[in-house]
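Notes for the structure review
The lines below spell out each chain.
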Amino acid sequence: MPTRVIIDTDPGVDDALAILLALRSPELEVVAITTVCGNVPVEQATRNVFRVLSLVRPPASLLIGQGASRPLLRPLETATHFHGTDGLGELDRLRNADGSPRYQQPTLPRILPTAQDVWNECLRRYPRELTLITLGPLTNLASALAMDTSPVRKLRAVISMGGALAVPGNVTPAAEFNIYADPHAAERVAQSGLPLTLIPLDVGTQVALTRDAIRRLTAETTDPVTRFLGDATAIALAFAEKTEGAAVFPLHDPLAVAVAIDPTLVKLAPLHVEVDTEGPTTRGKTVADPRSGGSRKSSPNLQAAVQVDGARALALVQDRLCRR
Ligand code: RIB
Ligand code: CA
C-alpha cells in the first residue's frame, strides 16, 4: 500500500526535482500539491507546479491548491538569485533545435482552490493516513494550526525540509532558508505537537550532484525529466560555483521525499527545537537542546535526521529521475 502524501512546496528547482521524484516513486501516492511563497512569489510557485507536471502524466485525481502569498509576519524574501527569476532555472532561455521553446508556458485552471481547502478535502478523504511533506516555508501549516479545529491534527506525519542544527545556515550563518523566510511559522509548527520529522541542512548538504555528474547523467537523454534536471540546475550551479567555489547542487527537497519513500535512509534523534524569531543576526536559527535528563529544558518536540546514508539517498534519486 503506497504512502499517501501531500506536498507543500515553493518551486524552486530542488522542489521541482522532489515533486518529480515523488511522482516517479511507486512507494508514494501524491494526492495533492499545494504552493507557498518562498523561493518565488506564490503565483510563480503555482505556475511552476503546472510547468513541472507537464513533463509527466500526473494522476488525474491530483489536487492542486495555492497557499500563502506572504509569511505570517515577515516580508517575503525570495531566493531567485539561486533558482532563477522564474524559480526553475530560467527555462524560457532554452530552445529546441528548430528554435521552438523547449518548455511550454503552463496552462492553469481559471480558478484554483486554496491550499487549506485542498488539505481539508484530503484529510476528509484520508483521516490519519496522510503524510504532509513540506519543502518550503511553513506558512501554510502554521496558518492551518491557527484554527483550533484544524483538520491538520489528523495528519499521520509531517516531514519538513528545514533548519540547520549543527551546521551553518545557508541564508545567514545561523539560518536555513525555509525557516528564515518565515520563522514565526516554523516556531508555531515546532511547538504544535504534530508528529514532525525535520530534514535539516545537516543531512541535505550530504546529498548533492556536481555539474560533472549531472552532465554524465543527462547526456544524450530523450527523457523529459532527465533533460529538465540538466536544464533547470545550470543557473544554480553557476551561482554555487561563484559563491561557494564549487558547482554542486544540493538535493535538500528530494531528500525529504526520499525519506518518505525509505525512512531507513536517515538516522533520527528526538530533540527539543526552538526557532529564534527576532534575533537581528540569529533570526531563523533552529536551536536544538541536545541535553538529556534533568538539565534539559523541555521534552523533545520533533525527530530530526542527524545522519544520512548519502550514497543510498543519491542512488535512489538518480535511479528515479535519470533515464536514457
Ligand atoms: O534551504 C533549502 C530550502 O530552501 C529548499 O527547500 C529550497 O528549495 C529552498 O526553499
Ligand atoms: Ca523548497
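Residues numbered from 1 in each chain as written. Chains lettered and ligands numbered in written order. Predicted model: local features only at pLDDT ≥ 70, side-chain atom pairs only at ≥ 80, totals over all residues. Heavy atoms only, no water.

This brings us to the overall build of the protein. Helix and strand counts for the protein come out as 13 helices and 11 strands. Its C-alpha radius of gyration of 19 Å places the protein within 12% of the 20 Å reference for a compact globule of 324 residues. Summarising its shape, the C-alpha atoms of the protein cover approximately 70 × 45 × 40 Å along the three principal directions. Scored against the burial criterion, the 324 residues of the protein give a buried share of 56%. Partitioning the intrachain contacts of the protein with sequence separation of at least 6 by distance along the chain shows that 83% fall at a separation of at least 24. Split by element, the accessible area of the protein, about 13,700 Å² in all, is 53% carbon and sulfur. Within the protein, one finds 33 positive and 34 negative side-chain charges whose respective centroids are separated by 3 Å. (Helix = DSSP H or I, 4+ residues; strand = E, 2+ residues; numbered from the N terminus. Rg over C-alpha atoms; globule rule 2.2 N^0.38 Å. Buried < 20%, exposed > 50% of the residue type's maximum accessible area, 1.4 Å probe, protein only. Contact = heavy atoms within 4.5 Å. Areas by Shrake-Rupley, 256 points an atom, 1.4 Å probe, with all protein chains shown as cover. Lys, Arg positive; Asp, Glu negative; His and termini not counted. Charge placed at Lys NZ, Arg CZ, Asp CG, Glu CD.)

Moving on, we come to the site of ligand 1. In the vicinity of ligand 1 there are 13 residues, among which D14, L135, N170, E176 and D253 approach most closely. A distance of 2.8 Å separates an oxygen atom of ligand 1 from a polar atom in the side chain of D15. Contacts to ligand 1 include N178, whose side-chain N or O atom sits 2.9 Å from an oxygen atom. Look at ligand 1: alone it shows 280 Å² of surface, and the protein chains cover 96% of it. For the shell around ligand 1, the elements supplying multiple residues, two or more each, are helix 1 (13–23), helix 6 (177–181) and helix 12 (252–261). Its residues placed into classes, the shell around ligand 1 shows three nonpolar, five polar and five charged. (Near = heavy atom within 4 Å. Polar contact = N/O pair within 3.5 Å; in protein donor to acceptor, adjacent residues only side chain to side chain. Nonpolar A, V, L, I, M, F, W, Y, C, P; charged D, E, K, R; others polar.)

Next up on the list: the coordination of the calcium ion (ligand 2). Listed as protein donors to the calcium ion (ligand 2) are D10 (OD), D15 (OD), D15 (OD), L135 (O) and D253 (OD); their distances from the metal cover 2.2 to 2.6 Å. If you list the donors of the calcium ion (ligand 2) from N- to C-terminus, the spacing comes out as D-x4-D-x119-L-x117-D. Placement of the pair is D15 in helix 1 and L135 in the loop between strand 4 (130–134) and helix 5 (139–145), with a sequence separation of 120 residues. (Donors = N, O, S within 2.8 Å, 3.2 Å for Na, K, Ca; no water.)

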